[in-house]
Amino acid sequence: MSNSRTGAAAAPRMSSGTTRLRPVLRPVDTAPLPLDSIIEGDCIAALDRLPAESIDLVFADPPYNLQLGGDLQRPDQSMVDAVDDDWDKFESFAAYDAFTRDWLKAVRRVMKPDATLWVIGSYHNIFRVGATLQDLGFWLLNDVVWRKTNPMPNFRGKRFTNAHETLIWAAREQASRYTFNYEALKAGNEDVQVRSDWLIPLCTGGERLKDENGHKAHPTQKPEALLARVLLAASRPGDVVLDPFFGTGTSGAVARKLGRHFVGIERDPGYIAAARARLAAVTPVADAALLMPAEKRSEPRIAFASVVERGLLAPGAVLVDQRGRHKAVVRVDGSLMLGDIAGSIHKIGALVQGLPACNGWTFWHFSDGGALKPIDDLRAVLRKELADAEG
C-alpha cells in the first residue's frame, strides 16, 4: 500500500536471479497487458495505459489517510512503529476523496464486465471509499470484516482496541456475472457457508519482510492468508489480478502461488525491490491442486426421473438412508413411495426426517453389490455422459 499519486518514478530496475518474472516496466502508451510484472510509477498514469476490460479481479490496499497527530508511545515509553509515511498524508478530506475517485475510475475502465474489486481499509477511510464506489456505478456485494487475532493494543486507553479492518467486495456493475467459488469455499469450511467475518492473524514472524537493518520493509504488509481467501473466493486459475498499490507484493506472491497472473503498480523503488525478491522465491502450487470442484449450480440439471428412465435404477428398487433407518420405493415416474405417500426424492427425504427440506441426492442410497452408495453417484454418471456427448 502506497500513495502512487505523489513522487517521481525511479529508473526501471531489471529482474535478477533465475525467475520467470519480467523486468519492472514503465507504462507505455500502447503496451499490451504486462502479465506477471510490476509497473513502476504513478498508479493512475499506469492504469490509463493498460488495455480496457483486461482484468479479472482487483485487490486494492490504498492509503488509509490515518491522520496521525503525533508520535505514539507504549506505556514503557518505547515508540510505536506507526504509519507516518508521506504516501499516507493528504491535505484534506476533499483531496483524499478526489484521489479515491480518480484511481477507482481508472480501475473500473480496465476491469472486465464481470470482474470484481476488493478494497481494504480502516474506519479512517473505508466509508468514504464505499460511498465513492456507489457514486461511480460499482455494485456492492459484501463488506467483509477481517478480525485480527493479535491486534495492536490501544495504548492511550481512550478508545476501543482497533481489532479489525473492513474489505468491500464490489462488482463492476449490477449486471456483472461475477465469479464466486461458493462450493469450493464451503467444502473447505466443513461444508458450512463461509461467513463475512474472517479471523486471520496479522502478518508477523517469518512472513513479515524486513530490510537490511531488521526494520519492517512495509508498515502495513497484509498476511498472505487474507489474500489467499480473497483469490480463492473470487477468481479462477489463469485469471489476471491487478493491484494498483502493490507495496511489497503480497497479492502477487499469492497470485503466483495459486496459478493466477498478476499486474502490480508501485512507485516506491524500495518496495519494488522487496517485492521482486519475494516473488522470485515463490513456488507455485502443483497443477493438480489448482483444480477446484465444479460449482454445482453450473452443472447440468438432472431429474431423478432420468435416472429411472436410463435404467440406472429400476422401478420397485428400495432406497435407504445411510444408516438404514428409513426406506422408500422407487416409482416408475421417478417419484418415491413411502407407505401411501408419493413425492420427490427431496420431499420424502424431508418427511422421514421431520425436516422442512432435504437434499434427496445425498440422503438416499442404493445397494451396489452390498455397498450403500448415494444416488448422487448415478446423477454423476448421467452428467458425464452429457459432457462426453457435448465434447
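If you're wondering where the values come from, they're calculated on a predicted model, not measured in any experiment. For every chain, the first residue of the written sequence is number 1, and numbering continues from 1 along that sequence. Per-residue local features are limited, in this predicted model, to residues with pLDDT of at least 70; the limit for side-chain atom pairs, both in listing and counting, is 80 or more; totals at the level of whole chains, interfaces and linings are taken over all residues. Hydrogens and water are ignored here; the side-chain numbers use all heavy atoms of the structure.

Asker: Tell me about the overall build of the protein chain, and name the residues and values.
Answerer: Helix and strand counts for the protein chain come out as 12 helices and 14 strands. Classification of residues uses two cut-offs on accessible area relative to the type maximum, computed with a 1.4 Å probe and protein chains only: under 20% is buried, over 50% is exposed, and between them is partly exposed. Buried residues in the protein chain amount to 43% of all 391 residues. Any two residues having at least one pair of non-hydrogen atoms within 4.5 Å are treated as being in contact. Long-range contacts, defined as pairs at least 24 residues apart, comprise 67% of the intrachain contacts of the protein chain with a sequence gap of at least 6. As displayed, the protein chain offers around 20100 Å² of accessible surface, 51% of which is attributable to carbon and sulfur atoms. Helix and strand assignments come from DSSP, with helices taken as H or I runs of at least 4 residues and strands as E runs of at least 2, each series counted from the N terminus. Note that accessible areas follow from Shrake-Rupley with a 1.4 Å probe, and for residues the cover is restricted to the protein chains shown.

Asker: So what's going on with the sheet that holds strand S8 (residues 261-266)? Residues and values would help.
Answerer: Strand order across the open sheet formed by eight strands is S1-S8-S7-S2-S3-S5-S4-S6, with mixed pairing between neighbours. Because the sheet does not close on itself, it has two edges, and the strands there are strand S1 (37-40) and strand S6 (197-200). Along the sheet, successive strands turn relative to each other by an average axial angle of 20°, direction set aside. When DSSP finds two or more bridges between two strands, those strands count as paired. The angle between two axes is taken between their N-to-C directions and runs from 0 to 180 degrees, where each axis is a line fitted to C-alpha atoms and a helix contributes only its stretch in contact.

Asker: Help me get a handle on the packing of aromatic side chains, residues and values and all.
Answerer: Ring pairs shown here join Phe, Tyr and Trp side chains whose ring centres sit within 6.5 Å, with only the six-membered ring taken for Trp; geometry is labelled stacked below 30 degrees between planes, edge-to-face above 60, and tilted in between. If you walk through the whole model with that rule in mind, you get 11 aromatic pairs. Measuring from centroid to centroid gives 6.2 Å for phenylalanine 180 and tyrosine 182, while their planes differ by 55°, and the two rings are tilted. Judged by centre distance (5.7 Å) and plane angle (10°), the rings of phenylalanine 246 and phenylalanine 262 are stacked. You can see phenylalanine 246 sitting in the loop between strand S7 (240-243) and helix H6 (250-257) and its partner phenylalanine 262 sitting in strand S8, a full 16 residues away along the chain. Taking relative accessible area as the criterion, phenylalanine 262 reaches 1% and is therefore assigned buried. Ring-pair connections join several aromatic residues into one group, and the members of that group are Trp118, Trp169, Tyr178, Phe180, Tyr182 and Trp198. We call a charge positioned over a ring when the NZ of a Lys or the CZ of an Arg lies within 6 Å of the ring centre and within 35 degrees of the ring normal. Just above the ring of phenylalanine 138 sits the side chain of arginine 108; from NZ or CZ to the centre is 5.5 Å. Lying across the ring of tryptophan 198, arginine 229 places its NZ or CZ 5.1 Å from the centre.

Asker: If you had to explain the environment of proline 244 to someone new, which residues and values would you point to?
Answerer: On the secondary structure map, proline 244 appears in the loop between S7 and H6. Sequence separation between proline 244 and alanine 46 is 198 residues, and the spatial gap between their C-alpha atoms is 8.7 Å.

Asker: I'd like a description of the nonpolar core, backed by residues and values.
Answerer: The nonpolar core is taken to be a set of buried Ala, Val, Leu, Ile, Met, Phe, Trp, Tyr and Cys residues, with the residues joined through side-chain atoms within 4.5 Å. Formed by 34 residues in total, the largest nonpolar core has its most connected members in Leu47, Trp103, Leu117, Leu133, Phe138 and Leu242. Listing elements by their share of this core, those giving two or more residues are helix H1 (43-48), strand S2 (55-60), helix H2 (93-110), strand S3 (111-121), helix H3 (126-135), strand S5 (164-171), S7 and S8. Once you skip the residues sitting within four places of it in the chain, leucine 242 turns out to touch Leu47, Leu50, Ile55, Leu57, Val58, Phe59, Val110, Val263 and Ile265. Leu57, Phe59, Trp118 and Ala255 belong to the second largest nonpolar core, which has 30 residues in total.

Asker: Run through the environment of alanine 46, naming residues and quoting values.
Answerer: Mapped onto the elements, alanine 46 comes out in helix H1. Counting along the chain gives 219 residues from alanine 46 to isoleucine 265, while the straight-line C-alpha distance between them is 7.2 Å.

Asker: Which residues make up the pairing of strand S14 (residues 371-374), and what values do they have?
Answerer: In regular strands, side chains alternate between the two faces of the sheet. Bridge count between strand S13 (residues 365-368) and S14: four bridges; the pairing is antiparallel. Looking across to S14, one finds that aspartate 368 is bridged to alanine 371. Between S13 and S14, which pair antiparallel one after the other, the connecting turn spans two residues, and glycine 369 there sits at a positive phi close to 65°.

Asker: Please set out the pattern of salt bridges residue by residue, giving values where relevant.
Answerer: By convention in these notes, a salt bridge is any Lys or Arg side-chain nitrogen within 4 Å of a carboxyl oxygen on Asp or Glu. Going through the model one piece at a time under the given rule, you end up with 16 salt bridges. Note that aspartate 61 is salt-bridged to lysine 222, the shortest N-O span being 2.9 Å. Linking aspartate 61 in the loop between S2 and H2 with lysine 222 in the loop between S6 and helix H5 (224-234), this pair joins segments that are 161 residues apart in sequence. Owing to a relative accessible area of 4%, aspartate 61 belongs among the buried residues under this scheme. Classification of lysine 222 by relative accessible area gives buried; the value is 5%. In this structure, the salt-bridge partner of lysine 148 is glutamate 165, at a minimum N-O distance of 2.8 Å. A residue pair is termed long-range when its members are at least 10 positions apart, and lysine 148 in strand S4 (residues 139-148) and glutamate 165 in strand S5 qualify at 17 residues. Several salt bridges converge on common partners, so that one network encompasses Glu53, Arg172 and Glu173.

Asker: An account of the packing of H2 against H3 is needed here, citing residue identities and associated values.
Answerer: At a closest axis distance of 10 Å, the pairing of H2 and H3 adopts a crossing angle of 45°. When the interaxial angle is binned, H2 and H3 end up oblique. In this structure, H2 crosses over H3, and the sense of that crossing is right-handed. The segment H2 lies against H3, with Phe93, Tyr96, Asp97, Thr100, Arg101 and Leu104 engaging Arg128, Val129, Thr132, Leu133 and Asp135. Here the residues of the contact of H2 with H3 sort into five nonpolar, two polar and four charged. Working rule for angles: under 35 degrees goes down as roughly parallel, over 145 as roughly antiparallel, 65 to 115 as roughly perpendicular, anything else as oblique. The hand of a helix crossing depends on one turn: near helix anticlockwise from the far one by less than a right angle means left-handed, and clockwise means right-handed. Side-chain classes follow a simple rule in which Ala, Val, Leu, Ile, Met, Phe, Trp, Tyr, Cys and Pro form the nonpolar group, Asp, Glu, Lys and Arg form the charged group, and the remainder, Gly included, forms the polar group.

Asker: Help me get a handle on the side chain of serine 37, residues and values and all.
Answerer: One can find serine 37 in strand S1. Engagement of the side chain of serine 37 in a polar contact is seen with the backbone oxygen of leucine 35, the distance being 3.2 Å. Polar contact is defined as a pair of N or O atoms within 3.5 Å, subject to the rule that within protein one atom must be able to donate a hydrogen and the other to accept it, and that residues adjacent in sequence are counted only when both atoms are side-chain atoms.

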